[in-house]
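Structural overview for review
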Amino acid sequence: MALTIVVLGGSFAGLQVAHRLLKHTRNTHKDLKVILVSKDSHFFWNLASVRAVVPGVLKEEQYNLPIEPGFAKYPAESFEFIVGSAEAADLDAKTVRVVTATGERSLSYDHLVLGTGTRYMDPNSPWKANGTNEEVMASVKSTQEKIRAAKHIVVAGAGATGVETAGEIRFEFKDKEVVLLSGGDQILGGDAIAGNAEQELIKLGVQVKLGARVTGSHELPDEGAQGGKTEVTLANGETILTDLYLPTMGVLPNTEYLPAKVLRDDKYVLVDEFGRVQNAENVWAAGDIISEPKSSFIIADKQAAGVAKNIDLVLNGKKTTPVKLIPVDVFVCAVGRSRGAGRMAGIKVFSFMVYMIKGKTLGTQMMPGIVDGSSF
Ligand SMILES: Cc1cc2nc3c(=O)[nH]c(=O)nc-3n(C[C@H](O)[C@H](O)[C@H](O)COP(=O)(O)OP(=O)(O)OC[C@H]3O[C@@H](n4cnc5c(N)ncnc54)[C@H](O)[C@@H]3O)c2cc1C
């Protein structure tokens, strides 16, 4: 029987672990077989989702690349890609039940890597991949059409996704009214860059409303003068009528297929400093499914590298080493396609530098190297 490693999730964490195992661990274990399972046949570059929803700015291939061709260089017997959803994991029997478009499979593994990340609470939101590629792209395209048609847009939730979305829309469409609702008294959860980011949004013409927590929203019936509009209700009782309501709040871990014994109280996965999932044998995790110290592709990148290395060490009878994260906390937020706000640890990054680091491309140039493994 081949040495089988099942990797769940075809995003930052899963793709890197799969490539590293195939590129490096296969050198010492010729019988290695990596099975990568992902709901989405493509790698969706979620950092660019905030720009992808603005019609006419990005081409689809800049934020959505097929995964399978990136693995074509490995021997056929050492890699399998399954487009499907992990629905249950028996961590004692070491099996995962995967549902695909054509049926169901039970995969047996020697090691299991969890990289199924998180999703936004609103199932139709376009910010992160949450479904088949057809569903993800349909969500992006329908948001593009709605943004094109709307004159008044409410973006709710003033975390990085909300701030960037409001900035991207207003940068492109100076004739649209864009309102950003922040539940708290400051945007970005009161981070040190909140004031700068707010100033950048105001310069762009975004209306920033602080202390504006949304308690509900409903679409008005199609007929009548206000037909098709959405009424958004705030905690203070105020209502806002808008052509388009874009919520960016609320993120959930994709861990429903896992037993409670490997989860923390908040339903994220419990890992040790080596990236090993607690209360299970030969199970590892990386990325947003842990969201510790925070959800970040830079952290997912480090955790994936650490997990791939530790699996390799274990398979070669060596001691695992702690996963190394980045030494400084970096937070950069693009505001439109020319400016932004950011910091490296406590040191401010100037607006133009944020544009150069993030806003110019939203990192899309890194995508091909992750899909084909040349980055690792
Ligand atoms: C708009 C935006 C901007 C961002 N900007 C930054 C930034 O500037 N800096 C930064 O560091 N981070 C940023 N991030 C965060 C970063 O993108 C995430 O940390 C990153 O996506 C984590 O990757 P991941 O591999 O852990 O999982 P995810 O990207 O969450 O992907 C999980 C994958 O698993 C699949 N999946 C889910 N459930 C199942 C299942 N049951 N079976 C099979 N497959 C499944 C999904 O389809 C998806 O492909 C940003 C995120 C967004 C949305």
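Residues numbered from 1 in each chain as written. Predicted model: local features only at pLDDT ≥ 70, side-chain atom pairs only at ≥ 80, totals over all residues. Heavy atoms only, no water.

With an unreviewed UniProt entry as reference, the chain is termed FAD/NAD(P)-binding domain-containing protein, source organism Apiospora kogelbergensis. On record in UniProt, under Sequence similarities (unreviewed entry), the comment for the chain is "Belongs to the FAD-dependent oxidoreductase family." (UniProt positions renumbered as here; feature names shortened; annotations may be inferred.)

Focus on the site of the ligand
In the neighbourhood of the ligand, 30 residues make up the surrounding shell, with N46, K128, D288, S296 and K358 lying closest. A distance of 2.7 Å separates an oxygen atom of the ligand from a polar side-chain atom of S296. Within the contact set of the ligand, an oxygen atom lies 2.6 Å away from a side-chain nitrogen or oxygen of K358. In the complex, the protein chains occlude 93% of the 1,000 Å² of accessible area that the ligand would expose alone. For the shell around the ligand, the secondary structure elements donating two or more residues are helix 1 (12-28), helix 2 (49-52), strand 5 (79-90) and helix 6 (297-315). (Near = heavy atom within 4 Å. Polar contact = N/O pair within 3.5 Å; in protein donor to acceptor, adjacent residues only side chain to side chain. Areas by Shrake-Rupley, 256 points an atom, 1.4 Å probe, with all protein chains shown as cover. Helix = DSSP H or I, 4+ residues; strand = E, 2+ residues; numbered from the N terminus.)

Some words on the domain arrangement of the chain
Here the domain parsing of the chain yields domain 1 (3-122 + 251-326) and domain 2 (151-242). One C-alpha centre belongs to domain 1, the other to domain 2; they are set 34 Å apart. Taken residue by residue, the interface counts seven residues in domain 1 and seven residues in domain 2. Carbon and sulfur atoms supply 63% of the area that domain 1 and domain 2 bury against each other, a total of about 600 Å² over both sides. Per-residue buried area on domain 1 facing domain 2 is highest for V50, V54 and Y120; these three make up 64% of the total on that side. Seen at the junction of domain 1 and domain 2, the total is one salt bridge. Between R51 and E168 there is a salt bridge, with the nearest N and O atoms lying 2.9 Å from each other. At the surface where domain 1 touches domain 2, the tally comes to two residue pairs in polar contact (both at pLDDT 80 or more). (Domains from an automatic or database assignment. Contact = heavy atoms within 4.5 Å. Buried area = accessible area lost by both parts, 1.4 Å probe. Salt bridge = Lys/Arg side-chain N within 4 Å of Asp/Glu carboxyl O.)

Examining the environment of D222
Mapped onto the elements, D222 comes out in the loop between strand 13 (214-219) and strand 14 (230-234). Ignoring anything within four residues of it in the chain, the contact list for D222 reads G227 and G228.

What to know about the pattern of salt bridges
One pass over the structure, following the stated rule, counts 19 salt bridges. The salt bridge involving K33 is made with E80; its shortest N-O contact spans 3.2 Å. Of the two residues, K33 sits in strand 2 (residues 32-38) while E80 sits in strand 5, which places them 47 residues apart along the sequence. Between K203 and E200 there is a salt bridge, with the nearest N and O atoms lying 3.7 Å from each other. Separated by three residues within a single helix, K203 and E200 lie in helix 5 (residues 194-204), roughly one turn from each other. Through salt bridges with shared partners, a single network forms among D191, K294, D329 and R343.

Some words on helix 1
Between the first and last C-alpha of helix 1 there are 25 Å, a value that for 17 residues agrees with the 24 Å anticipated at 1.5 Å per step. At L22, helix 1 shows its strongest bend, of approximately 35°. Listed in full, the buried residues belonging to helix 1 are F12, A13, G14, L15, Q16, V17, A18, H19, L21, L22 and T25. (Expected span 1.5 Å × (residues − 1). Bend = angle between axes of the 7 residues up to and from the residue. Buried < 20%, exposed > 50% of the residue type's maximum accessible area, 1.4 Å probe, protein only.)

Focus: the packing of aromatic side chains
Considering all chains together, one arrives at nine aromatic pairs under this definition. Their ring planes at 75° and their centres at 5.7 Å tell us that F43 and W45 sit as a pair that is edge-to-face. What makes F43 buried here is its relative accessible area of 0%. Geometrically, the ring pair formed by F71 and F79 is stacked, given 4.3 Å between the ring centres and 5° between the ring planes. The pair formed by F71 and F79 is uniform in burial state, with each residue classed as buried. Through a chain of ring-to-ring contacts, the aromatic side chains of F12, F43, W45 and F297 assemble into a single cluster. For K174, the ring lying beneath its charged end belongs to F171, and the centroid distance is 5.0 Å. For the cation-ring pair, K176 lies above F173, with the distance from its terminal atom to the ring centre recorded as 4.6 Å. (Phe/Tyr/Trp six-rings, centres within 6.5 Å; stacked < 30°, edge-to-face > 60°. Lys NZ or Arg CZ within 6 Å of the ring centre and 35° of its normal.)

Thoughts on unusual backbone geometry
A cis amide bond, omega -5°, links E292 with the succeeding residue P293. If you trace the backbone, P293 turns up in the loop between strand 18 (283-285) and helix 6. Phi is positive for L188, close to 50°, though the residue is something other than glycine. Structurally, L188 is set in the loop between strand 11 (177-181) and helix 5. Taking the relative accessible area as the measure of exposure, L188 reaches 8% and is therefore buried. Although it is not a glycine, A345 adopts a positive phi angle of roughly 50°. Summarising the element assignment, A345 is placed in the loop between strand 20 (339-344) and strand 21 (347-349).

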